[in-house]
Amino acid sequence: MTTLVYLIPAALFLGALGLSGFLWALRSGQYEDLDGAAERMLIDPDDKPER
Amino acid sequence: MSCCAPGAEMALALDRATSVQPSNQEIKLASRSLGDDLRQTDLSVPTVHCAGCIQTIETALAKLDRVEGARVNLSTKRVAIRWRGNEVPPFVAALGRLGYEAHLFDPETGEKDKTLSELIRAVAVAGFAAGNIMLLSVSVWSGAEGATRDLFHWVSALIAIPALAFAGGIYFRSAWNALRHGRMNMDVPIAVGVSLAYTMSLYETINHGDHAYFDASVSLLFFLLIGRTLDHVMRERARTAVNGLSRLAARGAIVLRDDGTRDYLPVGEIEPGMQLLIAAGERIPVDGKIIRGSSDLDCSLVSGESTPRTVTSGEAVQAGILNLTGPLTVEATGAAKDSFLAEMVRLMEAAEGGRAHYRRVADRVSALYAPVVHLTAFVTFAGWMAATGDWHRAMTIAIAVLIITCPCALGLAVPIVQVVAARRLFENGIMVKDGSAMERLATIDTAVFDKTGTLTLGQPRLVNASLVDPGMLAIAAEMAAHSRHPFSRAIAGMAGFAGQPKLESVSEHPGFGIEATAAGSTWRLGRRGWAGLKARTVGEGKHSYGGTVLTKDGIIVASFVFEDALRADARAAIVQLNDARVSVEMLSGDTAAACGEVAETLGIDDFVPALLPSGKVECIETLAKDDHKVLMVGDGLNDTPALNAAHVSIAPATAADIGRNTADFVFLRESLLAVPLALDVSRKAGRLIRQNIAIAIVYNTIAVPIAILGHVTPLIAAIAMSASSLLVIGNALRLQGFVLAAVTRAPSATRSGIRASVHPS
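Residues numbered from 1 in each chain as written. Chains lettered and ligands numbered in written order. Predicted model: local features only at pLDDT ≥ 70, side-chain atom pairs only at ≥ 80, totals over all residues. Heavy atoms only, no water.

Visitor: For the overall build of chain A, give the residues involved together with the corresponding values.
Guide: Helix and strand counts for chain A come out as two helices and zero strands. The buried share of chain A, taken over its 51 residues, is 22%. Put simply, chain A shows about 3,900 Å² of open surface, and 63% of that area lies on carbon and sulfur atoms. (Helix = DSSP H or I, 4+ residues; strand = E, 2+ residues; numbered from the N terminus. Buried < 20%, exposed > 50% of the residue type's maximum accessible area, 1.4 Å probe, protein only. Areas by Shrake-Rupley, 256 points an atom, 1.4 Å probe, with all protein chains shown as cover.)

Now the structure itself:
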């Protein structure tokens, strides 16, 4: 029983961390161009145009 | 550009619109201000498709003066360019030099897809809650007791609150909306089931009971939200693709003021009496009268006429007509709100939409289903009350009935199939606007086609190329390359021979033809009376398009015969439709002779020529009165009211803007086989939907008696619900596996069509 007292909050915290990470990624527009993101990693960073 | 050859299916859609680049004023009008002198322009660039394209475009645009930055979105095939100053940087020209066709499109109105991000957030929250609650529930099921079980229940109850408030809100709002208007939809039993299950579980938790349904209520929301989100993503994709097509209506025009100054005004600000300058390649923005200049006009999108019309000053022109060869000065006779386009919109609104009375399968089923479920739960409650007098037990069992019948499978049964079907159609270049369109298409028994632009391409094709002297043809092609007239483009498409004399001083005489000098002699390509009268060759055409000749110093050396090119696979499409027991008719605004010829080639028995837009609507309404379910396929402005009046409608990507927006389906490729393919997929989807609903009903007839007898525990409910959902999803995925012979054949035909049509430009 005592183990549960810290295990459950730990599990929930980790879950919430993942959830907030996803929501942050969604808000910062990382899902707006999935095809583009896949292709962009092929571009050399040297001539990457400024954003 | 080796990897970036424009082979994408979208290239075709552009072909008709490639004629002119958007003017600087037009770009400025369409750009939006980001404040601080910074403006953003969004361009649709359909041919970008790899990392190389992204890099080429972004670096080239960033090098231009006054351009702050450019960002390519590969998923939507768009480029967002941020720039400063008053002058528009020449980014369209820059893209053109790189080999990318760019065009403006209608910017999205309002906020950028709020619904989708709300849905995705809801899925994320519900998924998080469902996962954690399920973990806690598993330990309860495997024997947690006493204080531990209570603790787990309390934690579950806490986690469920945000999920219900946030993810459940979508369903509660929709259910409340339906109830308020006295309707029933699938969301009503969902909302009732979820909220009752939560309340009862909370009561159990407070009283240290052993059965709580927190997991059921949250995972139910999670499953249903997945279905709903997929459905939304699919429709959004179709909408974006259709939106990205080039805009065909004029955004504005150059107005010539009395004092000689020129202003670019948006269409809405043009008033009667203003003088407009319409360059070759532009569309006429409002109804008007020509006061200066002569030209050839392409009226195919407006009236359905396939032959270009030659006009001179004094003649009336309608909004939407494309000016082909010469500059015109037009005096506006009506404002945008009284012009032909607005007239079409009014006709469209007046004709009651053919789909107004259609109720979606899911809604029809749930109208029966929800009362039955709620009645069963109530009767169960009353029965247990009467038998045992234990209201707590009666309530628990009644809620178990509600949960087990909660239409998880039913709620997924329809959208999942439609998502899979829409995806299939998407892969074949067909966009579906919404799920009900597929349901309606599956029921049709009559297909009505427009002629110009739908069955035919609305572009002439040279038919006697093999009879013309190749040397002469080469010269004609060389000359024709300088003109935008459809006949010229057809001839220019025949180019490819080397060794012809170098042309000098090529000039176009609007309404007549092209003149050039080469090696000391004067060549003219154009209408017979102007180019020359005396014939040297024999066997000249007496066809409808006859009268286009090539002359050398006034003597005819070659004559050209054209016909309106049929859309690829038009005949095969008609045959397939007939095989699918759909009768085919043709309605056209063109002449009887032109219609008769096309009808004969394609094997269409019924056709009505020379129809006004209202006539087309009447024809469709007559058919509808005789209990026919009508599919309308058309592209012109004059077809738009008919597209709206029909039970379901399909438009090609080359259709007028409002036609594309009205139609339920838009196909991007040239082949007309898209129509039977859409019908086939829709019918198969309809069959799978019925199967899925049958599965859901069978599941209920087995599970409900068990629930009524009081044998259902939260564990059994969780297993039963997941199993039925998986079964339904699995059945829907079978659509992916169906081998459609037509699908595999279509792309090859399309590809060649694109090459041919792209080449001349």
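On we go.
Visitor: An account of the sheet that holds strand β9 (residues 295–298) of chain B is requested, with residue identities and associated values reported.
Guide: Residues and elements named next belong to chain B. Strands sit in the order β10-β9-β12 across an open sheet of three strands; the sheet is antiparallel. Each edge of the open sheet is held by one strand with a lone partner, namely β10 (309–311) and β12 (322–323). Bridging between β9 and β10 involves three bridges; their strand directions are antiparallel. Looking across to β10, one finds that L297 is bridged to R309. (Pairing = 2+ DSSP bridges.)

Visitor: Please set out the pattern of salt bridges residue by residue, giving values where relevant.
Guide: A side chain of one charge can pair with a side chain of the opposite charge when the charged atoms of the two come close. Residue and element names in this part refer to chain B. What the rule picks out here adds up to 14 salt bridges over all chains. Here D187 ties to R228 by a salt bridge, and the two come within 2.8 Å at their closest N and O atoms. Of this pair, D187 sits in helix α7 (residues 187–206) while R228 is found in helix α8 (residues 214–243), placing the two residues 41 residues apart along the sequence. A relative accessible area of 6% places D187 in the buried class. Two residues, R235 and D231, come together in a salt bridge whose shortest N-O distance is 3.1 Å. Note that R235 and D231 are positioned in helix α8 at a spacing of four residues, about one turn of the helix. The exposure class assigned to R235 is partly exposed, which follows from its relative accessible area of 33%. By relative accessible area, D231 is classed as buried at 13%. Each of the salt bridges in this network shares a partner with another, and the network as a whole consists of D450, K616 and D639. (Salt bridge = Lys/Arg side-chain N within 4 Å of Asp/Glu carboxyl O.)

Visitor: So what about the nonpolar core? Which residues, and what values?
Guide: All names here are of chain B. One finds F449 and F665 to be the most contacted residues of the largest nonpolar core, which totals 123 residues. Examining the composition of this core, we find that 15 residues originate from one element, helix α23 (residues 674–708), more than from any other. When residues of this core are assigned to domains, at least three map to each of domain 2 (114–242 + 361–416 + 687–742) and domain 3 (245–357 + 430–458 + 566–668). Of all hydrophobic cores here, the second largest spans 27 residues; its members include I27, I57, A70 and L74. (Core = buried A, V, L, I, M, F, W, Y, C linked by side-chain atoms within 4.5 Å. Domains from an automatic or database assignment.)

Visitor: How would you sum up the interface of chain A and chain B? Please name residues and give values.
Guide: Listed by partner, the interface residues are 24 residues for chain A and 27 residues for chain B. In total, chain A and chain B occlude about 2,300 Å² of area from one another, counting both sides; carbon and sulfur atoms represent 67% of this. At the boundary of chain A and chain B, one finds one salt bridge. The salt bridge partner of R40 of chain A is E58 of chain B, with a shortest N-O separation of 2.8 Å. On the surface where chain A and chain B come into contact, there are seven residue pairs in polar contact (both at pLDDT 80 or more). Counting residues per element, the ones that place at least two in the side of chain A that touches chain B are α1 (2–27) and α2 (34–40) of chain A. With 10 residues, α1 of chain A is the largest single contributor of residues to the side of chain A that touches chain B. For the side of chain A that touches chain B, the class distribution of residues is 13 nonpolar, two polar and nine charged. (Contact = heavy atoms within 4.5 Å. Buried area = accessible area lost by both parts, 1.4 Å probe. Polar contact = N/O pair within 3.5 Å; in protein donor to acceptor, adjacent residues only side chain to side chain. Nonpolar A, V, L, I, M, F, W, Y, C, P; charged D, E, K, R; others polar.)

Visitor: Which residues make up the packing of aromatic side chains, and what are the values?
Guide: Residues and elements named next belong to chain B. Inspection of the entire model under this criterion finds six aromatic pairs over all chains. Here Y203 and W391 contribute two aromatic rings whose centre-to-centre distance is 6.0 Å and whose plane-to-plane angle is 55°, an arrangement assigned as tilted. In this pair, Y203 is assigned in helix α7 and W391 in helix α11 (residues 391–405), connecting sequence segments 188 residues apart. Given a relative accessible area of 45%, W391 falls into the partly exposed group. With 4.3 Å between their ring centres and 5° between their planes, F487 and F562 make a pair best called stacked. Of this pair, F487 sits in helix α16 (residues 486–492) while F562 sits in strand β23 (residues 562–566); the two residues are 75 residues apart in sequence, bridging distant segments of the chain. In this pair, the class of F487 matches that of F562, namely buried. (Phe/Tyr/Trp six-rings, centres within 6.5 Å; stacked < 30°, edge-to-face > 60°.)

Visitor: Lay out the packing of α23 of chain B against helix α24 (residues 714–737) of chain B with the relevant residues and their values.
Guide: All names here are of chain B. Contact geometry for α23 and α24: axes closest at 10 Å, N-to-C directions at 165°. As the angle between them shows, α23 and α24 are arranged roughly antiparallel. As for the relative orientation of α23 and α24, their crossing is right-handed in sense. Side by side, α23 and α24 meet where K684, A685, L688, Q691, N692, I695 and Y699 of the first sit next to A720, M721, S724, L727, V728, N731, A732, R734 and L735 of the second. Across the contact of α23 with α24, the residue classes tally to 10 nonpolar, four polar and two charged. (Axes fitted to C-alpha atoms, helices over the stretch in contact; angles between N-to-C directions. Parallel < 35°, antiparallel > 145°, perpendicular 65-115°, else oblique. Left-handed = near helix turned anticlockwise from the far one by under 90°.)

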